[in-house]
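Structure at a glance
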Amino acid sequence: MADRIKPERMRPEDYEDGGSPMSRGATYVRKEIVSKGVGFGSALAIAISFTTHQSVLWAIIHGFFSWFYVIYYVLTR
């Protein structure tokens, strides 16, 4: 792996007329692990927690645990 050479990044003005990175045989993979914002599980946990306890601190703590708190709430109610 260390001996492989990374392809140079080209600007759009570096391409031939009508050319693209795909014409050079270059392949770029973009991986996105975490998207922006709060997930649905966290939002649901925060809403349930605040409605039940009327406390912002508990809502933040339960939002951190997200789906674990939601499942706990469903099983205990």
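Presented here is an overview of the structure given in this document. Owing to the predicted nature of the structure, the values given are computational and were not obtained by experimental measurement.

Points about the packing of helix H1 (residues 40–53) against helix H3 (residues 67–76)
Where H1 meets H3, the closest approach of the two axes is 8 Å, and the angle between their N-to-C directions is 50°. By the angle between their axes, H1 is oblique relative to H3. The hand of the H1/H3 crossing is left-handed. Residues Phe40, Gly41, Leu44, Ala45, Ile48, Ser49, Thr52 and His53 of H1 pack against Trp67, Tyr69, Val70 and Tyr73 of H3.

Things to note about a nonpolar patch on the surface
A cluster of nonpolar side chains, contributed by Leu57, Trp58, Ile61, Phe64, Phe65 and Phe68, occupies part of the molecular surface with about 720 Å² of accessible area. Element by element, the count of residues in the nonpolar patch is highest for helix H2 (residues 56–65), at 5 residues. Mapped onto the elements of the fold, Trp58 is located in helix H2.

What counts and how
One numbering rule holds for all chains: residues counted from 1, following each sequence as written. It should be noted that, the model being predicted, local features are given only for residues of pLDDT at least 70 and side-chain atom pairs only at 80 or more, the latter also being counted only at that level, while totals for whole chains, interfaces and linings use all residues. Heavy atoms throughout the structure, all of them, feed into the side-chain values; hydrogens and water do not. Each axis is a line fitted through C-alpha atoms, taken for helices only over the stretch in contact, and angles between the N-to-C directions span 0 to 180 degrees. Secondary structure counts use DSSP, requiring at least four H or I residues in a row for a helix and at least two E residues in a row for a strand, with both numbered from the N terminus. Angles are sorted into four bins: roughly parallel if under 35 degrees, roughly antiparallel if over 145, roughly perpendicular if 65 to 115, and oblique for all others. In this scheme the handedness of a crossing depends on how the near helix is turned from the far one: anticlockwise by less than a right angle means left-handed, clockwise means right-handed. Any two residues whose heavy atoms approach within 4.5 Å at even a single point are treated as in contact. Here, patches come from residues exposed beyond 30% relative accessible area and free of salt bridges, joined within 9 Å for like charges and within 5 Å for nonpolar side chains (Val, Leu, Ile, Met, Phe, Trp, Tyr). In these tables, accessible area is a Shrake-Rupley quantity obtained with a 1.4 Å probe, and a residue counts as shielded only by the protein chains included in the view. Between Lys or Arg on one side and Asp or Glu on the other, a salt bridge is scored when a side-chain nitrogen of the former is within 4 Å of a carboxyl oxygen of the latter.

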